[in-house]
There are 2 protein chains.
Amino acid sequence: MMATTRELFARHNLRCTAQRRALYENLAESRSHPTAEELFLTVKPSTTRLSLATVYNTLEALCKAGLARKLPTSNGSCRYDADTSEHLHVCFRESNEIQDVPSELGSKLIEHLPRSVIAEIELKLGVQVDGLNIQLLARPSPPRG
Amino acid sequence: MMATTRELFARHNLRCTAQRRALYENLAESRSHPTAEELFLTVKPSTTRLSLATVYNTLEALCKAGLARKLPTSNGSCRYDADTSEHLHVCFRESNEIQDVPSELGSKLIEHLPRSVIAEIELKLGVQVDGLNIQLLARPSPPRG
DNA sequence: GTACGTGCAAAATGTTTGCATCATT
DNA sequence: AATGATGCAAACATTTTGCACGTAC
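Cut-offs and rules
- Residues numbered from 1 in each chain as written.
- Chains lettered and ligands numbered in written order.
- Predicted model: local features only at pLDDT ≥ 70, side-chain atom pairs only at ≥ 80, totals over all residues.
- Heavy atoms only, no water.
- Helix = DSSP H or I, 4+ residues; strand = E, 2+ residues; numbered from the N terminus.
- Buried < 20%, exposed > 50% of the residue type's maximum accessible area, 1.4 Å probe, protein only.
- Contact = heavy atoms within 4.5 Å.
- Areas by Shrake-Rupley, 256 points an atom, 1.4 Å probe, with all protein chains shown as cover.
- Lys, Arg positive; Asp, Glu negative; His and termini not counted.
- Charge placed at Lys NZ, Arg CZ, Asp CG, Glu CD.
- Near = heavy atom within 4 Å.
- Polar contact = N/O pair within 3.5 Å; in protein donor to acceptor, adjacent residues only side chain to side chain.
- Core = buried A, V, L, I, M, F, W, Y, C linked by side-chain atoms within 4.5 Å.
- Least-squares fit on C-alpha atoms with pLDDT ≥ 70 in both.
- Arc of directions from axis to C-beta.
- Domains from an automatic or database assignment.
- Buried area = accessible area lost by both parts, 1.4 Å probe.
- Salt bridge = Lys/Arg side-chain N within 4 Å of Asp/Glu carboxyl O.

A few points about the overall build of chain A
At step 1: The helix and strand tally for chain A stands at 6 helices and 5 strands.
At step 2: Sequence-ordered secondary structure for chain A, helices as α and strands as β, is α-α-α-α-β-β-β-β-α-α-β.
At step 3: Counting every position in chain A, which comprises 145 residues, the buried fraction comes to 42%.
At step 4: Contacts spanning at least 24 positions in sequence make up 46% of the contacts within chain A whose residues lie at least 6 apart.
At step 5: As displayed, chain A has an accessible area near 8200 Å², and 50% of this comes from carbon and sulfur atoms.
At step 6: Where the 18 positive side-chain charges of chain A centre and where its 17 negative ones centre are 4 Å apart.

Here it is, written out as C-alpha cells:
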C-alpha cells in the first residue's frame, strides 16, 4: 500500500507544510534528479509561496530523514534523488545531468559486489560504510551509420 | 623508469611552467585528494608566484590531459586526484574528505564488476561509459570498548 | 501556545572570466 | 617571435544564514 506524503512525513518526524509536500512529491515523481534550482522552478508556479531557501532547507531535511539523497556532481551544484534504494547512476560528462540505470540492469552489478570485501575495507581503514555512490561517467552514444 | 614531470607534460602537450610543475608534483605525492584551495595553500609558500586562478586553470588542464581526475563531493567544492587508475574512494560524510581504498582491497571489488553488464547498460541507455566513480560513503569507526 | 518552517535579503563559499603582463617553446 | 600561462580583481554561481513572521501540531 502507498502511504500518503503526510503519513510518510509523520513517520519521519517532519512537519507537513504545503511547500515540503509539493517539493517532495515533485521530486519523487521526477526522473531527472533535479538541482535545487530546477526543483524550485518546477514547483514554484503551482505553490502559493515558495522560496529557494526553503527548497534547500527542505532538501536537507529530507536527506537527513532518509527520504532523499544528495548526489554530488562535478560542476558545483548538487542533484537530488527521492529514490534511496541502492542503484546506479549514469552521469553525463558535458551536462552533469544524472540518469538512473534501471534496477533490473544495475542490480546485476550491485549484487556482484562482495559484501565481504566491504567488511574488509571497513576493518582495515577503520570506517563504517553506510552508503554507496556508483556513477558511470558517460557521453551520449554517437548516432550509428 | 620514472619520467620527469617535464617529460610527462611534454608527452601531453602541456607547457611546463614552475607553477604547473609544483602543483602537479604536490598533487601526485598527496594522499589527501586536496581541494583547489588546499592545494593552493600547500604549494603557495614554496612557489615564487602563484594565484588561485592558476590552480583552477592547471587542474582543469591536467584533467583534460588525463593526468588528474576531478572528484565531486557533496559540499560544493571538488577534490582532485593525480591517480587516474580505476580505484575506489571512501568519502567521509561529515568532512567530505576523500581517501583511497588501497588497490589490493579495491581491485577485488572492481574486478568483480561484470563488463558485460556495462556493455548492456551502454546499449540500452544509448551511452558510452568511459569512466567509473565508486565512492563508499562512510563515517569513522567509533573507538572500540 | 510553542516549536518549527518560511520568505527575504544579505553573506559566505567556490569557481570562472577578462585583460595586461610574462614565460615557454 | 608567437603562443599560451599567469596574476589580479571582478563577476558569477551555488548554498547558507539571520531574522521577523507565519503555520503545524
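Quick look at the protein's contact with DNA strand D
At step 1: Near DNA strand D, the surroundings consist of 20 residues, among which A:Y56, B:R15, B:R49, B:L50 and B:T54 are the closest.
At step 2: The sugar-phosphate portion of DNA strand D accounts for 80% of its atoms within 4 Å of the protein, the bases making up the rest.
At step 3: B:Q19 places a side-chain nitrogen or oxygen 3.1 Å from a sugar or linking oxygen of DNA strand D.
At step 4: A distance of 2.8 Å is found between a phosphate oxygen of DNA strand D and a backbone nitrogen or oxygen belonging to B:S51.
At step 5: Listing elements by their share of the surface near DNA strand D, those giving two or more residues are helix 4 (52–65) of chain A together with helix 2 (18–29) and helix 4 (52–65) of chain B.

Some thoughts on the nonpolar core
At step 1: Membership of the largest hydrophobic core comes to 33 residues, with the highest contact counts inside it found for A:I121, A:L136 and B:L136.
At step 2: Contacts of B:L136, omitting those with residues within four sequence positions, involve A:I118, A:I121, A:V129, A:G131, A:L132, B:H89, B:V90, B:C91 and B:V101.
At step 3: Formed by 21 residues, the second largest nonpolar core is a distinct cluster that contains A:F9, A:A36, A:L59 and A:A61.

Digging into the relation of the copies chain B and chain A
At step 1: You can overlay chain B on chain A at an RMSD of 0.1 Å; the transform is a turn of 180° with a shift of 0.0 Å along its axis. The relationship between the two copies is best expressed as a two-fold rotation axis.
At step 2: Of the residues that chain B buries at the interface, 100% are likewise interface residues in chain A, meaning the two copies contact each other through the same surface.

Remarks on helix 6 (residues 115–125) of chain B
At step 1: Within helix 6 of chain B the residues assigned to the buried category are B:V117, B:I118 and B:I121. Take helix 6 of chain B and look down its axis: the buried residues cluster within an arc of 100°, on one side only. Exposed side of helix 6 of chain B, more than 90 degrees from the buried face: B:R115, B:S116 and B:L123 are the residues found there.
At step 2: Where the residues of helix 6 of chain B are buried, they touch helix 5 (103–110) and strand 5 (127–140) of chain A together with strand 5 (127–140) of chain B.
At step 3: In the stretch just after helix 6 of chain B, B:G126 is the one whose phi turns positive, near 70°.

Quick look at the side chain of A:R69
At step 1: Structurally, the position occupied by A:R69 is in strand 1 (residues 69–71).
At step 2: Only 3.1 Å separates the side chain of A:R69 from the backbone oxygen of A:L132, close enough to count as a polar contact.
At step 3: Discounting residues that sit within four places of it in the chain, A:R69 has contacts with A:C63, A:R79, A:Y80, A:D81, A:T84, A:E86, A:L132, A:N133 and B:L137.

Concerning the domain arrangement of chain A
Quoted interface sizes are often the accessible area lost when the parts come together.
Residue and element names in this part refer to chain A.
At step 1: Per the domain assignment, the segments making up chain A are domain 1 (1–82) and domain 2 (85–140).
At step 2: Spacing between the C-alpha centres of domain 1 and domain 2 amounts to 22 Å.
At step 3: Across the contact, 10 residues belong to domain 1 and 11 residues belong to domain 2.
At step 4: Buried area between domain 1 and domain 2, summed over both chains or domains, comes out near 850 Å², and the portion from carbon and sulfur atoms is 42%.
At step 5: In terms of surface lost to domain 2, no three residues of domain 1 exceed H33, R69 and R79, which account for 48% of the buried area on that side.
At step 6: In this structure, the connection of domain 1 to domain 2 is made through 1 salt bridge.
At step 7: Two residues, R69 and E86, come together in a salt bridge whose shortest N-O distance is 3.9 Å.
At step 8: At the surface where domain 1 touches domain 2, the tally comes to 7 residue pairs in polar contact (both at pLDDT 80 or more).
At step 9: Those elements giving two or more residues to the side of domain 1 that touches domain 2 turn out to be strand 1 and strand 2 (79–81).

Considering the interface of chain B and chain A
At step 1: Counting from both sides, the interface comprises 44 residues of chain B and, opposite them, 44 residues of chain A.
At step 2: Interface area, chain B with chain A, both sides summed: about 3800 Å², of which 63% is carbon and sulfur.
At step 3: The interface formed by chain B and chain A includes 6 salt bridges.
At step 4: Taken together, the connections running from chain B to chain A amount to 20 residue pairs in polar contact (both at pLDDT 80 or more).

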